[in-house]
Amino acid sequence: MGVRAARAGGQDPVRPGGIGPWRFVVWFGLVSLLADFVYEGARSVTGPLLASLGASALVVGVVTGAGEAAALGLRLVSGPLADRTRHFWGLSIGGYALTVFSVPLLGVAGVLWAACALVIAERVGKAVRSPAKDTLLSHATAATGRGRGFAVHEAMDQVGALVGPLTVAGVLALSGNAYGPALGVLAAPGAAVLGLLFWLRARVPDPAAYERQATAPPGSPAPDGALPAGPLPAAFWTYAAFTAVTTAGFATFGVLSYHLVQRHLMTTAWVPVLYAAAMAVDAVAALATGWLYDRTGPRVLAVLPVLAAAVPALAFTHTVATAVAGSLVWGAATGIQESTLRATVADLVPSPGRATAYGVFAGVVGGATLVGGALTGALYGYSVPLLITVVTAIQAVALALLAVLRGSDARRAGRRAPVNRAPRNGADGQA
């Protein structure tokens, strides 16, 4: 029973600390916006910074690769830890703190080994906080609509991802390419991140109250207390398989930008501008599919394999306009991956095991992303027509898996309502 049913029964979503669920989503979105301001600003210059300290291309590749592996792989640990301890706020704050302290220090590290350690530490911070943060957000989105809630959060996230690199670029230009001031200026939004988190925790110590009220049957008290986490549902594993397959057939922006520059379709200086445009499309796609998800359920995800199949067919051409269009389609697919895919996890897994599910899901996405980058990169060097054919076949398999997921969900629910209305078993937990 979802939030609409709760409202129809005369209940309104609770407002812990005077903050309604939509305000909670927006405040948490502001936290993510400021955090992206910090770490995306730093990531935009990680390569040149390490090179200035004497790193070779191999060292840069190993360090940044290790950081991304840590950001995704360690969630297999932090997710179950969050479910066991129920310290969702503590893990969220601790992870954000590790990130916002690491970035300004990176600008004054002075030696290569210290800079490498800080680059990896920043990514470890993301691994520590992400499953707990997504679980906190999932409680509020039970009342706002999962698709729309995660979409608004993603759209605000992307604002920070645009502003951060542009700010760093501006300070570098004004300071004569001095990394200390460029990264030091990111301490201000970092401090704001921690201040907002402590304030929000004080106002809403138990965000699970949003979900308990939103999913309670009309006329009955909201359930209280945390239930023990059981095994992850079979539908989650089918969904994880769908996500793994569609991601494994998804080209990375690195391969797309390589094609644009190597084929002399675009100068290197214009690549960041195209990336920024793709991030704007990312935000719009997240909002659109999030809105549709709350009305149609997981069937809206069928658009993701279609977009992923279209990317190489458009992007790896020899016409500038078509290649740019392919990159913008890549941005739309990325927006769906970053928002609506996460919303669906919250609907498939009850609260007591949700952080574990987010950790496992991140591990699946990380492994599939590695496969997708290697596969599309290798096939690009061999034959672009073969690349397009293989990616199309992979995305067809993904669509088949999504059909299986929808069929099992319909059988389980007796075709009553889309999965995104609420966790069907009514289980919830304390945050």
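Quick caveat: nothing in here was measured; it's all calculated off a predicted structure.

## Details of the overall build of the protein
Turning to step 1, where the next piece is worked out: The helix and strand inventory of the protein stands at 19 helices and zero strands.
Turning to step 2, where the next piece is worked out: In the protein, buried positions account for 54% of the 431 residues.
Turning to step 3, where the next piece is worked out: Per element, the accessible surface of the protein, about 16700 Å² overall, is 70% carbon and sulfur.

## Description of the packing of helix 2 (residues 21-43) against helix 10 (residues 187-203)
Turning to step 1, where the next piece is worked out: Closest axis-to-axis distance for the helix 2/helix 10 pair is 8 Å, and the angle between their directions is 155 degrees. Judged by the inter-axis angle, helix 2 sits roughly antiparallel to helix 10. Relative to helix 10, helix 2 is oriented so that their crossing is left-handed. Seen from helix 2, the contacting residues are Phe-24, Trp-27, Phe-28, Leu-30, Val-31, Leu-34, Ala-35, Phe-37 and Val-38; seen from helix 10, they are Pro-189, Gly-190, Ala-192, Val-193, Leu-196, Leu-197, Trp-199 and Leu-200.
Turning to step 2, where the next piece is worked out: Its residues assigned to classes, the contact of helix 2 with helix 10 shows 16 nonpolar, one polar and no charged.

## Here's the deal with the environment of Ser-257
Turning to step 1, where the next piece is worked out: Structurally, the position occupied by Ser-257 is in helix 13 (residues 253-262).
Turning to step 2, where the next piece is worked out: Of the residues examined, Ser-257 reaches a relative accessible area of 15% and is grouped as buried.
Turning to step 3, where the next piece is worked out: Between the alpha carbons of Ser-257 and Trp-270 there is a distance of 9.9 Å; along the sequence they are 13 residues apart.

## Here we look at the nonpolar core
Turning to step 1, where the next piece is worked out: Phe-24, Phe-28 and Tyr-239 are the most contacted members of the largest nonpolar core, which totals 74 residues.
Turning to step 2, where the next piece is worked out: The dominant element in this core, judged by the number of residues it contributes, is helix 2, at eight residues.
Turning to step 3, where the next piece is worked out: Apart from the residues within four sequence positions on either side, Phe-28 is in contact with Trp-89, Tyr-96, Lys-133, Leu-136, Leu-137, His-153, Leu-197 and Leu-200.
Turning to step 4, where the next piece is worked out: With 21 residues, the next largest nonpolar core counts Val-38, Ala-55, Val-103 and Leu-118 among its residues.

## Some remarks on helix 10
Turning to step 1, where the next piece is worked out: If you check helix 10, its first and last C-alpha atoms are 25 Å apart, about what 17 residues at 1.5 Å a residue would give, namely 24 Å.
Turning to step 2, where the next piece is worked out: Inspection of helix 10 places Pro-189, Gly-190, Val-193, Leu-194, Leu-196, Leu-197 and Leu-200 among the buried residues, and these make up the whole buried set. Looking straight down helix 10, one finds that the buried residues subtend no more than 165 degrees of arc, so they occupy a single side. Of the exposed residues in helix 10, the ones pointing more than 90 degrees away from its buried face are Ala-188, Ala-191 and Ala-202.
Turning to step 3, where the next piece is worked out: Tucked inside the fold, the buried residues of helix 10 contact helix 2 and helix 6 (88-106).

## Considering the pattern of salt bridges
Turning to step 1, where the next piece is worked out: A complete count under the given rule lists nine salt bridges for this structure.
Turning to step 2, where the next piece is worked out: Measuring nitrogen to oxygen at the nearest pair gives 3.4 Å for the salt bridge that ties Arg-86 to Asp-83.
Turning to step 3, where the next piece is worked out: Arg-86 sits in the buried class, given a relative accessible area of 18%.
Turning to step 4, where the next piece is worked out: With relative accessibility at 8%, the residue Asp-83 sits in the buried group.
Turning to step 5, where the next piece is worked out: Connected through salt bridges with shared partners, the residues Arg-146, Glu-211, Asp-347 and Arg-354 form a single ionic network.

## What to know about the side chain of Thr-344
Turning to step 1, where the next piece is worked out: Topologically, Thr-344 is positioned in helix 17 (residues 340-348).
Turning to step 2, where the next piece is worked out: Overall, the relative accessible area of 1% leaves Thr-344 in the buried class.
Turning to step 3, where the next piece is worked out: From its side chain, Thr-344 meets the backbone oxygen of Thr-340 in a polar contact 2.9 Å long.

## With respect to the environment of Thr-247
Turning to step 1, where the next piece is worked out: Looking at where Thr-247 falls in the secondary structure, it is placed in helix 12 (residues 234-248).
Turning to step 2, where the next piece is worked out: With a relative accessible area of 6%, Thr-247 lands in the buried category.
Turning to step 3, where the next piece is worked out: For the pair formed by Thr-247 and Pro-305, sequence separation is 58 residues and the distance between their alpha carbons is 8.7 Å.
Turning to step 4, where the next piece is worked out: Not counting residues up to four positions away in its chain, the partners in contact with Thr-247 are Gln-337, Val-365, Ala-368, Thr-369 and Gly-372.
Turning to step 5, where the next piece is worked out: A distance of 2.7 Å separates the side chain of Thr-247 from the backbone oxygen of Thr-243, its partner in a polar contact.

## Considering the side chain of Ser-339
Turning to step 1, where the next piece is worked out: When you line up the elements, Ser-339 lands in the loop between helix 16 (320-338) and helix 17.
Turning to step 2, where the next piece is worked out: Residue class for Ser-339 comes out buried when judged on its relative accessible area of 0%.
Turning to step 3, where the next piece is worked out: Reaching out from Ser-339, the side chain makes a polar contact with the backbone oxygen of Gly-335 at a distance of 2.7 Å.
Turning to step 4, where the next piece is worked out: For Ser-339, the residues in contact, after removing those within four places along its chain, are Phe-150, Ala-151, Glu-154 and Ala-286.

## Focus on the packing of helix 12 against helix 18 (residues 354-382)
Turning to step 1, where the next piece is worked out: Between helix 12 and helix 18, the shortest axis-to-axis distance is 7 Å and the interhelical angle comes to 25 degrees. Relative to helix 18, the element helix 12 is oriented roughly parallel. The crossing of helix 12 and helix 18 is right-handed. For the pair formed by helix 12 and helix 18, the contact residues are Phe-236, Trp-237, Tyr-239, Ala-240, Thr-243, Ala-244, Thr-247 and Ala-248 on the first element and Ala-357, Val-360, Phe-361, Val-364, Val-365, Ala-368, Thr-369, Val-371, Gly-372 and Leu-375 on the second.
Turning to step 2, where the next piece is worked out: Class assignment for the residues of the contact of helix 12 with helix 18 results in 14 nonpolar, four polar and no charged.

## Some remarks on the confidence of the model for the protein
Turning to step 1, where the next piece is worked out: Residues at a pLDDT of 70 or more form 85% of the protein, whose mean pLDDT is 81.
Turning to step 2, where the next piece is worked out: The spread of mean pLDDT over the elements of the protein runs between helix 1 (residues 3-8), the lowest at 38, and helix 10, the highest at 95.
Turning to step 3, where the next piece is worked out: Here residues 1-13 is a poorly scored stretch, pLDDT under 50, and it has 33 contacts once near neighbours within four places are set aside; other chains count.
Turning to step 4, where the next piece is worked out: Every residue in residues 413-431 scores below 50 in pLDDT, and together they form 76 contacts with partners more than four places removed in sequence or on other chains.

So, how was this worked out
- Residues numbered from 1 in each chain as written.
- Predicted model: local features only at pLDDT ≥ 70, side-chain atom pairs only at ≥ 80, totals over all residues.
- Heavy atoms only, no water.
- Helix = DSSP H or I, 4+ residues; strand = E, 2+ residues; numbered from the N terminus.
- Buried < 20%, exposed > 50% of the residue type's maximum accessible area, 1.4 Å probe, protein only.
- Areas by Shrake-Rupley, 256 points an atom, 1.4 Å probe, with all protein chains shown as cover.
- Axes fitted to C-alpha atoms, helices over the stretch in contact; angles between N-to-C directions.
- Parallel < 35°, antiparallel > 145°, perpendicular 65-115°, else oblique.
- Left-handed = near helix turned anticlockwise from the far one by under 90°.
- Contact = heavy atoms within 4.5 Å.
- Nonpolar A, V, L, I, M, F, W, Y, C, P; charged D, E, K, R; others polar.
- Core = buried A, V, L, I, M, F, W, Y, C linked by side-chain atoms within 4.5 Å.
- Expected span 1.5 Å × (residues − 1).
- Arc of directions from axis to C-beta.
- Salt bridge = Lys/Arg side-chain N within 4 Å of Asp/Glu carboxyl O.
- Polar contact = N/O pair within 3.5 Å; in protein donor to acceptor, adjacent residues only side chain to side chain.
- pLDDT = per-residue confidence, 0-100.

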